[in-house]
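The primary structure of each chain is shown beneath.
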Amino acid sequence: MDSLTELDSFLKSNGGPHSSTLPHKQPFVIGVAGGTASGKTTVCNMIISQLHDQRVVLVNQDSFYHPPSVEKLKKIHEYNFDHPNAFDTELLLSCMEKLKNGEAVSIPNYDFKGHKRSEQARQINPSDVFILEGIVILHDPRVRGLMNLKIFVDSDSDVRLSRRIQRDTVERGRNIENVLDQYARSVKPSFEEFILPTKKYADIIIPRGADNDVAIDLIVQHICTKLGQHDLCKIYSNVFVIFSTFQI
Ligand code: ADP
Ligand code: C5P
């Protein structure tokens, strides 16, 4: 039995005014932004693999892309997938609100080939740590407000473009001409207008992305320390509830 459960039983058996339920333990939320193919997902997976004792869930902002209308699908080469308005941020916020309240949610899976949400949604359960990853995840102040730690993955643009060509032609059903055209038309301009300016909100900037083992180790150490303090703070706040129960 953990100490919070013991405190909960103690409060219930003493019938104090705060005895109904303990507040839900708040998860630690990390935001990971950066340009396309900067290595955001790879960095997140490295952090997750080093946080083996914690329950960690990765939530990709891509899951919250608005599906373009039939009209817009006909002119898909003109659609800007790198604009903050391309994402359903209200849905992301409501899912995070539920998760923070200890409720499970269902989030869409995204199909990059068809530019749509897949039929099969993904079930996400409450967890100790959530990592929100995406190109403009640091853009909206309400989403930033959910985060305990903000990270910007900073990789060289030529490296990112060459990775993007490789990835999109192999995994996302594009040809080199599509990738280069989209890059020049919307990916690069939107990076400069919406993504790069969010670097200023980051607590930590990781140069060279996933190649930077030292930065990733430091981030993992920081998260472990904060998670320890998190638990301690919760226990202290419940001890305070016991004292106020006795005083009443
Ligand atoms: P993002 O999530 O920022 O779009 P990913 O982590 O998915 O980027 O990486 C994009 C592509 O580049 C993937 O194919 C990935 O395997 C590759 N990649 C990422 N980081 C590195 C790295 N440090 N060295 C080599 N390839 C990498
Ligand atoms: O994984 P990454 O961060 O690169 O994913 C975001 C990128 O996916 C954006 O730069 C956007 O141009 C691209 N995208 C796309 N087609 C879609 C949705 C997103 O090319 N249907």
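My aim in this report is to walk through the structure given alongside it, one point at a time. Small disclaimer: the values here were computed from a predicted structure and weren't measured.

Regarding the pairing of strand β2 (residues 56–60)
Along β2, 5 of the 5 residues are buried, which leaves the element largely enclosed by surrounding structure. Across the two faces of β2 the burial is the same, with Val-56, Leu-58 and Asn-60 and Val-57 and Val-59 all buried. When β2 meets strand β7 (residues 129–133), the two strands line up parallel, connected through 5 bridges. Residue pairing for β7: Asn-60 is matched across the bridge by Glu-133.

Topic: the layout of surface pockets
Approximately 630 Å³ is the volume found for the largest pocket. Lining of the largest pocket is provided by 30 residues; of these, Thr-41, Asp-62, Phe-112, Arg-167 and Arg-172 occupy positions nearest its centre. When residues of the lining of the largest pocket are traced back to their parent elements, those giving at least two are α2 (40–50) and α6 (157–170). Examining the composition of the lining of the largest pocket, we find that 4 residues originate from one element, α6, more than from any other. When the residues that make up the lining of the largest pocket are grouped by side-chain class, the tally is 7 nonpolar, 11 polar and 12 charged. Counted as a void, the second largest pocket has a volume near 180 Å³. If you trace the second largest pocket, you find it lined by Ile-76, His-77, Tyr-79, Phe-81, His-115, Arg-174, Asn-178, Asp-181, Gln-182 and Arg-185. Each residue belonging to the lining of the second largest pocket can be placed in one class, and the counts come to 3 nonpolar, 4 polar and 3 charged.

A look at the pattern of salt bridges
Under the counting rule described, the total for this entry stands at 12 salt bridges. A salt bridge links Asp-128 to Arg-55, with the shortest nitrogen-to-oxygen separation between them at 3.4 Å. Here the residue Asp-128 occupies a position in the loop between β6 (122–124) and β7, and Arg-55 occupies one in the loop between α2 and β2, the gap between them amounting to 73 residues. Exposure remark for Asp-128: the relative accessible area of 19% places this residue in the buried category. The exposure class assigned to Arg-55 is partly exposed, which follows from its relative accessible area of 47%. Connected through salt bridges with shared partners, the residues Lys-25, Arg-55 and Asp-128 form a single ionic network.

Cut-offs and rules
Residues numbered from 1 in each chain as written. Chains lettered and ligands numbered in written order. Predicted model: local features only at pLDDT ≥ 70, side-chain atom pairs only at ≥ 80, totals over all residues. Heavy atoms only, no water. Buried < 20%, exposed > 50% of the residue type's maximum accessible area, 1.4 Å probe, protein only. Helix = DSSP H or I, 4+ residues; strand = E, 2+ residues; numbered from the N terminus. Pairing = 2+ DSSP bridges. 1 Å grid on protein atoms, 1.4 Å probe; cavity = no way out; pocket = protein on both sides within 12 Å on 5 of 7 lines; lining within 4 Å. Points joined across faces, edges and corners; volume = space filled by probe spheres on them. Nonpolar A, V, L, I, M, F, W, Y, C, P; charged D, E, K, R; others polar. Salt bridge = Lys/Arg side-chain N within 4 Å of Asp/Glu carboxyl O.

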